[in-house]
Each structure stands twice: as structure tokens, then as C-alpha cells.
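Structural description and commentary
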Amino acid sequence: MSTSTGPAAGASAPVDTRPSAGQRFSAWFGRNAIKIYAFFAFVYLLLPVAYTFAFSFNDAGRTNLVWQGFTLENWLNPCGAPEVCGSVVNSIVVAAVVTAMATLLGTLIAFALVRHRFRGRATTNLLIFLPMATPEVVLGSSLLALFLNILIPLGFWTVVIAHIMFCISFVVVTVKARLASLDPRLEQAAMDLYATEWQAFRRITLPLVAPGIAAAALLAFSLSFDDFIITNFNSGQFTTFPKFVYVSATRGIPPQANVIATAMFIIALAIVLISQFAGKRKREA
Amino acid sequence: MAKKTDITKAEGDLYLENLTKSFGDFTAVDDLSLQVPQGSFFALLGPSGCGKTTTLRMVSGLEDPTAGRIRIGDADITHEKPYKRPVNTVFQNYALFPHMTIWDNVAFGLKRRGIKDVKKQVDDALELIQLTQVAQRKPTQLSGGQQQRVALARAIVNRPAVLLLDEPLGALDLKLRRQMQLELKRIQTEVGLTFIHVTHDQEEAMTMADTVAVMNNGIIEQMGAPTQLYESPDTAFVANFLGQSNLFPATVVEVDGEDLVLEDPDGSFRMPKSRMGRNVSTDRGARVLVGVRPEKINIAALDAAAAGPADGNFVDGVVEATSFLGVSTQYEVRTPGGEIINVFAQNLDSQDLLPVASQVRLTWKPIHGFVLDGRQDIEAGVEIDPDALVVS
Ligand SMILES: Nc1ncnc2c1ncn2[C@@H]1O[C@H](COP(=O)(O)OP(=O)(O)OP(=O)(O)O)[C@@H](O)[C@H]1O
Ligand SMILES: [Mg+2]
């Protein structure tokens, strides 16, 4: 009897009706392969998060690389390390402004591209993809060159402009997909039922496209909050959270950074869970 | 501003005057004129692509006419915005608002017109279509037939001067379709609005409408009461599209008093002049098409029939094929002149069935036939099988 665990083992021994250990294992594996795969995938995905979470309780002192004992101090005093909270606030403000602007502009562009035929439409469609396809280093350095050439001082506004530029692409693509699946006859039906152009837009189009716009806004926010490469080129003395973490990595990242990161993760998770729950409630209603 | 309030309240007959719509160099609707009396059920019947939807969209204001005028009573609405017209549409695909409940869908038009207390009207409309119990559901949670009724209620609740229905029953199966036809007719009688019902199902048009307009290639071939269109078609297209017709070419011999003497390969016969369609020439030698509906022809075995006097026109022939349809039997009879004539015979007595190859005599009253202009395609409108279209 061969010890091979492949299906060939079963096929080569048709006389023996009792399944061999190998056969039993392969059957069990067949039934549970997806679960096993999912388990390892989640471990792979969540291990860094778990690490970050655990080390946010580290009684670190100067450097947060080695476990030195459990403390709640970091969580009770998240702004304890210099600049941590300032950089987080900077990042949030930047992301908020960028989200508002990119979502507004991107949504308008998406409407223009889907609803209107104009010269240069195909070209615009193509150009929209460029910021997504271009390596961030290239984008960041070219923008820096641009800002230096036209003598715009680096800081909050250059970061905002740079972020809006690449976030718009993602917003346009997301909203466009939603808009393209919208039946234009719904708006016509609304106008047939005494709704003016504006009312038809507000009561029919907007609510139906809203989930797409919301998804685009969340995407823009997280892209902006997260961005390091382009920010690093164009921020000058202005510090965002990713930049703070990067810079402090040379002299030891304070555990407060882990606290912020963990809090961010929990907030994001909460948003996802709430929106899922709300969506389910809505469908069932 | 006074003029605008007039338009939303306009009422009266609907007039389409020389209405034309071109897309590029393709003319979808060509110089179309018609009048729809207030409160009537009007059917626009025609094959796919003949311009029915385009015509409706011009009336509702979703399409701008290339030329011509649209009036309701005295008010010219040709270029008015859709939301200013006292016209509502039941769309071909319903176009219900997916994010709103049935109740909100129905209330939509009333609310947009700034009517404050809409509850009673919406509830009444839902009652009319017998869907009160699903008022709080979303459109996707309804069956096709229910959605169709909601689309109807959403339009009707506004009591428009004209209600446009664009093949509203197209997506329904045959049984539901028949049921909805009766329901639509009942609702129309109950609320007394002008209905313009677009369909390519001739049976549907004939059972429901007071007036039917048969449309083809962007023009109206003929308009009138269903019985009039059926009994006295003006063109070969109408004769073939509405029900079935036997059409065969003949030439004019002479006019004899009130009769037309005609000749075809099977001999000469008479038709009353009163049975002539549009543009028929009575000159000697003019070519005409003579039509007889299959159910108006009497079929009998030749030996039996020859014993008595022939009542009206007759032709002898041989049965080529028969098919038993239950209520009737369909015969295909070939005449010596080479024509194939279809006959529907009532199944009064099953012993009467005539076998294939029997010699038969076909007789019909001249007053039951009709005479058409011979310079048109004898096959026009024939390949459209209404039963096949019901499924599509
Ligand atoms: N926006 C448009 N651009 C170009 N051609 C069009 C447009 N709308 C309609 N047409 C053409 O006009 C003709 C009439 O179209 P219409 O939709 O009125 O047909 P219909 O009678 O409603 O047909 P169906 O029974 O299939 O719905 C068709 O040949 C169609 O291709
Ligand atoms: Mg149509």
C-alpha cells in the first residue's frame, strides 16, 4: 500500500474498501481546504495589526521594539509623545479637506463623462487613469518640481493639492461605475411626473448614486490619510501622521503611534460593521 | 406666467398635427396627424420599430419634434417641458423608483405638484389597482404584474388629461395579460381619462380600444373603430396585420351601377363599389387586390354545393391541407388559377370535415369582401405573427 495522499492512492487500491489514513486525510482536507486557507489568510492579514495592538500596551520608554511590560499609560495619554497628536490632527484635516474637494470634483467629472457627449471625452476618460497608473514616486517628485518652479511654498496647501489630484481619479472611477448602471429612464419618469430637472436629480439620481459617492469619499479619505510618498515630497515642514511615524522610526517610534494606529483600525472596523448592519436593516425593511 | 398654469390644466382632445421626428437622416415619425377625442381609449398599433414609442415620447415631452405641433384642446404643448404637461406615461419597462416604497412611488407626482394632503389620493389609487397590502414594499419585492399595476397607479393618480401607455403589458404572460387588459379597460371607464395605448398585439388593440390607429414605417396607415378596420381595411398592410386576409390580384372589367366587375384567373365576379378601400382606380384594366377574411368563406364539398344555387361569389378548388384548431378547422384550398385560399370553418359537426384532396366550392357574399388598390405589396404586414410577438 502506497502512502501517497493524492487521489491516485484510492484509485490504485480498489479492493481495500476501508479508506486508508491518506484517503481520510485527503477527504478531510477537501472538505476543509477553504477554512484552512481562510485561516492562514486572516493570520497573514491580521498579524501586523495584532502586533501593533499588543505593542500599544508596551511600557516602552524610549523605543517600542522590545516588549518591556504591560501598561495602560499609552492609551490613557495618547498625546504623551511629542508631535503625535499634532500630526494626527494635521492628517485628519488634510484628509477631510481632500475628501470634500475630491468627492465634489470627481463626482461632477463622473456625471459629465457618463451623461454628456463632448469633444475630448475619450481623452478625459484616459487621463483620469493616469494618476492611478503612475508610480507615486514619480508623481510626488514631479509635483515637487512644479511647486518649486512656480514658487508655491511647501506646506498644508501643497499636500492638499497633491492629494486631491490623485484622489480625484479614484472618485471618478467609483462614481462612474455606479452612474453607468443607473437607468436614465428613471429620471425621465420623474420629469414625466412633474419633477423639474433639479428635483429629478435630487430625488432620483442623487439617492441612487449616493452609495457610490459615499464609497468614493471613504476611499479618498483613507487614501489621503494613508499617503506617505507624495506627502513626503511636497510637505516641507508640515507633518502628517505617516510622515511622523516614518521620521521617528530612525530614533524609535513612540508607543502612542501604536495607540493611534489601533484606534484608527477600530474606528474603520466600526464604520464597516455599522454600514453593513444599516444596509441589512434597510434591505429587510 | 398665466399661460403656463393654463398648460398644466389643459384639457380637451389631443391633436397631433403633421408631427415629424428625424434622427439624423432617418425619419422615425413622418408627418403624422391624428385627433384623439377626450376620454377615449385610443390604441396605437404597429410592428416593432414603426415609431410608436417615439410618438409617445413627443407627446410626453421627452423627445423634441423635428416639425409639427401637439395640442391638448387649445393649448399648444409642442415644446413644453415634460413636467409642465398634463400628460403621464406608463413606461415600457415601468421605470419604478427602486429606492422608494410603492406608496412613495405613487405619491411622487402629487408631491411634485405641491399638493399637501396626498394620503387619500394615494390610498385610493392603490385600492384601484388592489395593491394596498404592499404599499410599504420596494418595487423589487413585487411580481412583474404587480409592478405594472404600480406604474399604472403612479401615472393615474395625477388624473392627467392624457395617459400614455407604452406596451405596458409586454412583459406579462398571456393569462396575466388578458386579465390586465380587462382591468385596464375597467380603470379607464372608471376614471374617464384619455388613454393612448401602444401595442404591437393586434388582439389587444382590438379588444380594448374605441379607436385603433395602425402605424407602419412612421405613418398611420388607417385609423378607426376596431370593427371598421377589420371589416374594411384600406391597405394591404392593415388587411394582413389585423387578423388574416386572403388577398388576390384582379383587374377591373367595368363599373356596372353600384357594382364593380372584376376578373382574375379563376373567372369574373362582382364586388360592390361601397367595399373599395383608399385610392382604388375603377378604370378598365386597373389592377386591384380583392380580399376576403378566411372566416367569411363558406366551404362545401363540390357535389353537394353544386346542387343548390351559388349564393354570391364562388370559386372551386382542391383542399391542399387542413388543420384542426378545436373551435374551427383551417383549410388551405388551391384554385385552378393557382391561388391559395385560407378558410376557417366552424366545427359544428365533426362529420363535416373535408379530407385533403377533396373537390370543394368556396362561396362568400360580395359584401363581405373588400377591394384594395393593386399597386401595393400584397404581402405587406403579413410576416408579423402576432402570437410570436406576444412572447417577445
Ligand atoms: N434616439 C434615437 N436615435 C436614433 N434612432 C432612433 C432613436 N430612437 C428611436 N430610433 C429609431 O426610430 C425608429 C422607431 O423607434 P420606436 O422606439 O419609436 O419604435 P417602436 O414602434 O416603439 O418599436 P417597439 O415596438 O419595438 O417598441 C426605430 O427604427 C429606431 O431605431
Ligand atoms: Mg416602443
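Residues numbered from 1 in each chain as written. Chains lettered and ligands numbered in written order. Predicted model: local features only at pLDDT ≥ 70, side-chain atom pairs only at ≥ 80, totals over all residues. Heavy atoms only, no water.

1. Regarding unusual backbone geometry
Residues and elements named next belong to chain A.
- If you check the backbone angles, Leu 151 has positive phi at about 60 degrees while not being a glycine.
- For Leu 151, the position within the fold is in the loop between helix 6 (136-149) and helix 7 (156-180).
- Overall, the relative accessible area of 73% leaves Leu 151 in the exposed class. (Helix = DSSP H or I, 4+ residues; strand = E, 2+ residues; numbered from the N terminus. Buried < 20%, exposed > 50% of the residue type's maximum accessible area, 1.4 Å probe, protein only.)

2. Quick look at the domain arrangement of chain B
Residues and elements named next belong to chain B.
- By domain assignment, chain B separates into domain 1 (8-231) and domain 2 (244-373).
- One C-alpha centre belongs to domain 1, the other to domain 2, and the line joining them spans 40 Å.
- The interface of domain 1 with domain 2 comprises five residues on the first partner and six residues on the second.
- At the boundary of domain 1 with domain 2, total buried surface from both sides reaches about 440 Å², with 20% on carbon and sulfur atoms.
- When the area that domain 1 buries against domain 2 is broken down by residue, the three leading residues are Glu 221, Tyr 230 and Glu 231, summing to 96%.
- Where domain 1 meets domain 2, there are one salt bridge.
- Measuring nitrogen to oxygen at the nearest pair gives 2.7 Å for the salt bridge that ties Lys 296 to Glu 231.
- Summed over the shared surface of domain 1 and domain 2, the number is five residue pairs in polar contact (both at pLDDT 80 or more).
- Breaking the side of domain 1 that touches domain 2 down by element, the ones donating at least two residues are strand 10 (219-224) and helix 8 (226-231). (Domains from an automatic or database assignment. Contact = heavy atoms within 4.5 Å. Buried area = accessible area lost by both parts, 1.4 Å probe. Salt bridge = Lys/Arg side-chain N within 4 Å of Asp/Glu carboxyl O. Polar contact = N/O pair within 3.5 Å; in protein donor to acceptor, adjacent residues only side chain to side chain.)

3. Topic: the domain arrangement of chain A
All names here are of chain A.
- Each domain of chain A was delimited in the assignment, giving domain 1 (27-79 + 254-285) and domain 2 (82-237).
- Each partner contributes to the interface: domain 1 provides six residues, whereas domain 2 provides four residues.
- Together domain 1 and domain 2 conceal approximately 490 Å² of surface at their shared face, both sides included; 94% is due to carbon and sulfur atoms.
- The largest per-residue losses of area from domain 1 upon contact with domain 2 belong to Cys 79, Ile 260 and Met 264, which jointly make up 71% of the total buried on that side.
- For the interface between domain 1 and domain 2, the tally reads zero salt bridges.
- Run the count over domain 1 and domain 2 and you get zero residue pairs in polar contact (both at pLDDT 80 or more).
- In the side of domain 1 that touches domain 2, the residues fall into five nonpolar, one polar and no charged. (Nonpolar A, V, L, I, M, F, W, Y, C, P; charged D, E, K, R; others polar.)

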